[in-house]
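Architecture at a glance
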There are 2 protein chains.
Amino acid sequence: MKVIDQGVCAAKGFLAGACHCGIRKNQSKDDLALIYSQSLCQCAAVYTSNKVKAAPLKVTKKHLENGMAQAIIVNSGNANACNETEMESANREAQCAADFLKCEKENVIVASTGVIGQPLPISCIEENIQQIKLGNDQSFKASQAILTTDTIEKSIAVEFEINGVVCHMGGICKGSGMIHPNMGTMLAFITTDCNISSNLLEECLKENVKKTFNRISVDGDTSTNDMCVVMANGMALNAPVTKKTDSFTVFKQALRFVMEELAKKIAADGEGAGKFLTCTVKGAKTEQDAQTLAMSVCSSSLLKAAMFGSDANWGRVMCALGYAGVDFDPEMVDIYFKYKDQVIQCCKDGKALDFDEEKAKDILSQNEIEIISDLKQGDQQVSCWGCDLTYDYVKINGDYRT
Amino acid sequence: MKVIDQGVCAAKGFLAGACHCGIRKNQSKDDLALIYSQSLCQCAAVYTSNKVKAAPLKVTKKHLENGMAQAIIVNSGNANACNETEMESANREAQCAADFLKCEKENVIVASTGVIGQPLPISCIEENIQQIKLGNDQSFKASQAILTTDTIEKSIAVEFEINGVVCHMGGICKGSGMIHPNMGTMLAFITTDCNISSNLLEECLKENVKKTFNRISVDGDTSTNDMCVVMANGMALNAPVTKKTDSFTVFKQALRFVMEELAKKIAADGEGAGKFLTCTVKGAKTEQDAQTLAMSVCSSSLLKAAMFGSDANWGRVMCALGYAGVDFDPEMVDIYFKYKDQVIQCCKDGKALDFDEEKAKDILSQNEIEIISDLKQGDQQVSCWGCDLTYDYVKINGDYRT
């Protein structure tokens, strides 16, 4: 497997495009994107666990009942959630993409991101969609159009082999605030030309979500609009993957890599974030324990603020492990802070070590920090990803809607 | 029942005092406090649910096995948690108070608050405790000595009648960061001269904690050192409360009032807080549903940042209700923002209303805001208390330890 360019257009037969349709006031920022496959795709998706679900998710869920899709339309600037006309707008958005792309409305996936509670100005989309110029080199433009408070576009693509046939897979995503397990306000769209059945595609997606997107946290808020979609058009012409053979394993690993890279990009670009945090728990009895503990550390506002201040406050790591609701012996825990090959241990067997504060400050002043908690009580290890809590997070979220 | 002065010294036979013993570098800030009853008390306590428990809690728990106590020693500036000598230090702290007060070590409660992981300089306490001048007018001084990042001292007292006999109850507490249900870094000490059995005292305390201290949130972190203690010395000479009669109800209400006032003071003084938030959920099917939903709103970083920015972003209220894990119909929810007698409705039946943004801004610019979510699906109502998320929270916690 190797990393390649072109995001969602890396796989054969996929085109993308974007334009400014007018949902946003800022004309220099695109707000409408399309992803299109030249042939019908096997398709799977996962959605927010929030009880409040936006209309685009409801429409998409219906359209994916048969596991098939051909296009994705995404608007930013408005979540199309909690407003009187949301269902009508989401249906018109799908219809509008279908008309433009000359495909069936039922094969269109709809996604929206932005402010909740304001009617979507659907006519902007209907009147301007024809400005979009689709191309197999337009993934970057599409990936920029779907951003909200994100500061950088997020995409990745890989090449891998199934039984000697070269396949491609690529993805783009957005997400910055409202990021927490079970899908934060994030949208992720993944395309592949691998030939794989939709039930295996779905199984693969669901398992990988648990180990990738559900292991990031920016602020503990889970949004109404999140979804992760994967489309497979089979144009690589590999022998179809329909059983759990080695080919399936290869595909699953490729998908996990793409999803993990996208997830980390979201965590690193968390609203206001200055530092990317990897919270690793090792020596746990079970993988679930390790994940729960790592997420607890990764989600602690106090620890996140300490990382912002480059303060080796390992007591807050102990504290966050302690309230995670997992059974472990605090008196066996070792805690380390790490940047590349520099490591410092601050806590051994649950007690303070007399560590070098200067060295700790050096490590914590970097923009990528790993926080390692070794429970020494088993052999399971999980890393979760997050970011520091900064003045800018407060600033961005104190005045997002207006 | 009426509110009176003198905090923990309001009840007959209780003395308090404090001094600067040297744990803190700042000599103008006291760091050691005592609360003492002239006679032995019935006593009950609740502790942090954190798996990592500091030594003072372990010592206190042991000393309270018989439900009796006579004194409380509290130091600030050091949590006496996660260090090699914590158990020895906590025991010496109790012994030192016992020697000074001429009571049994087993009747001394020990509490500590401050940074985790550094050895407690116990000799500071042993060498300077004799500087404390106990008095029945020293509650204010004691309440100041137990503060850490708190900006104001927190105390309350009330007078109530049990069968025609006047009783008194008062409390002091501290807590600012690491505040979340199941006891955040908070210490609360309540004294009463009411004559009540320790088993009823404990029952009363446990039930009231659920409805008071467990309904506040500052940052979602639960600390290693929290405890809430109530001591009853019986010096009001009322007929003993030993059964669940009307007298018990009166006592329980007084305790709930004291605990709720202390809890609200903690929420209002949340680290960096500029605004006190009351998050009310009404029309819920069960009290537990209402509490879970209200706490979810109260804990949302996004909503807290919006309140800081005086932004009527009710979509974040919907969103926080939605991910609370409670079953309700989002399409029946009404949302209001309120300050005193000014109210504005922003959402009706789960959909946006076209509300007056100017009026909303006026309400949200106040320093006490109520956020009301009416589910219209039952008759249960719960309020939880919290504060906004500000630049100062980040500042305080980015550089607390150093």
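Residues numbered from 1 in each chain as written. Chains lettered and ligands numbered in written order. Predicted model: local features only at pLDDT ≥ 70, side-chain atom pairs only at ≥ 80, totals over all residues. Heavy atoms only, no water.

The name given to chain A in an unreviewed UniProt entry is Arginine biosynthesis bifunctional protein ArgJ, with the source organism recorded as Floccifex porci. Its UniProt record, at the heading Function (unreviewed entry), says of chain A: "Catalyzes two activities which are involved in the cyclic version of arginine biosynthesis: the synthesis of N-acetylglutamate from glutamate and acetyl-CoA as the acetyl donor, and of ornithine by transacetylation between N(2)-acetylornithine and glutamate." (UniProt positions renumbered as here; feature names shortened; annotations may be inferred.)

Let us now look at the relation of the copies chain A and chain B. With an axial shift of 0.0 Å and an RMSD of 0.0 Å, the rotation relating chain A to chain B amounts to 180 degrees. With respect to symmetry, the two chain copies, as superposed, fit the operation of a two-fold axis. For chain A, the minimum C-alpha distance to the rotation axis belongs to A:Tyr391 and amounts to 2.6 Å. Mapped onto chain B, 100% of the interface residues of chain A are again interface residues, and the two copies thus contact each other with one and the same surface. (Least-squares fit on C-alpha atoms with pLDDT ≥ 70 in both. Contact = heavy atoms within 4.5 Å.)

Right, let's get into helix H6 (residues 246–268) of chain B. Across its 23 residues, H6(B) extends 33 Å between first and last C-alpha, which sits within 8% of the 33 Å expected from 1.5 Å per residue. Taken together, the buried positions of H6(B) are occupied by B:Ser247, B:Phe248, B:Phe251, B:Ala254, B:Leu255, B:Val258, B:Met259, B:Glu260, B:Leu262, B:Ala263, B:Ile266 and B:Ala267. (Helix = DSSP H or I, 4+ residues; strand = E, 2+ residues; numbered from the N terminus. Expected span 1.5 Å × (residues − 1). Buried < 20%, exposed > 50% of the residue type's maximum accessible area, 1.4 Å probe, protein only.)

Moving on, we come to the interface of chain A and chain B. If you look at the interface, chain A gives 58 residues, while chain B gives 58 residues. Of the roughly 4600 Å² buried between chain A and chain B on both sides combined, carbon and sulfur atoms contribute 57%. Our count for the contact surface shared by chain A and chain B stands at six salt bridges. Across the pair A:Asp327 and B:Lys51 runs a salt bridge whose closest N-O atoms are separated by 2.8 Å. For the pair chain A and chain B, the interface holds ten residue pairs in polar contact (both at pLDDT 80 or more). (Buried area = accessible area lost by both parts, 1.4 Å probe. Salt bridge = Lys/Arg side-chain N within 4 Å of Asp/Glu carboxyl O. Polar contact = N/O pair within 3.5 Å; in protein donor to acceptor, adjacent residues only side chain to side chain.)

To continue, consider the packing of helix H1 (residues 55–63) of chain A against helix H2 (residues 86–101) of chain A. All names here are of chain A. Orientation of H1 relative to H2, taken along the N-to-C sense of each, is 50 degrees, at an axis distance of 8 Å. Taken together, the axes of H1 and H2 are oblique relative to one another. The element H1 and its partner H2 pack so that their crossing is right-handed. Of the residues in H2, those in contact with Ala 55, Pro 56, Lys 58, Val 59 and His 63 of H1 are Glu 86, Met 87, Ala 90, Asn 91 and Ala 94. (Axes fitted to C-alpha atoms, helices over the stretch in contact; angles between N-to-C directions. Parallel < 35°, antiparallel > 145°, perpendicular 65-115°, else oblique. Left-handed = near helix turned anticlockwise from the far one by under 90°.)

This brings us to the side chain of A:Ser37. Residue and element names in this part refer to chain A. Assignment of secondary structure puts Ser 37 in strand S3 (residues 32–47). Engagement of the side chain of Ser 37 in a polar contact is seen with the backbone oxygen of Ser 39, the distance being 2.5 Å. Within the local environment of Ser 37, its side chain forms a polar contact with the side chain of Asn 233, the two groups lying 3.3 Å apart. Among residues more than four places away in sequence, those in contact with Ser 37 are Gly 13, Phe 14, Gln 70 and Asn 233.

What follows deals with the sheet that holds strand S16 (residues 380–387) of chain B. Residue and element names in this part refer to chain B. One open sheet accounts for seven strands, arranged S9-S16-S11-S15-S12-S13-S14; its pairing is mixed. Each edge of the sheet is formed by a strand with only one pairing partner; in this case those strands are strand S9 (216–217) and strand S14 (351–352). Pairing of strand S12 (residues 334–339) with strand S15 (residues 368–374), which is carried by five bridges, proceeds in the antiparallel orientation. If you follow Lys 338 over to S15, its bridge partner there is Glu 370. (Pairing = 2+ DSSP bridges.)

This part is about the packing of aromatic side chains. If you walk through the whole model with that rule in mind, you get five aromatic pairs over all chains. Seen in terms of ring centroids, A:Phe308 and A:Tyr391 are 5.2 Å apart; in terms of plane orientation they differ by 80 degrees. Their pairing is edge-to-face. Of this pair, A:Phe308 sits in helix H8 (residues 301–308) while A:Tyr391 sits in helix H11 (residues 391–398), and the two are 83 residues apart along the sequence. Put simply, the rings of A:Phe308, A:Tyr391, B:Phe308 and B:Tyr391 touch in pairs and so form one group of aromatic residues. (Phe/Tyr/Trp six-rings, centres within 6.5 Å; stacked < 30°, edge-to-face > 60°.)

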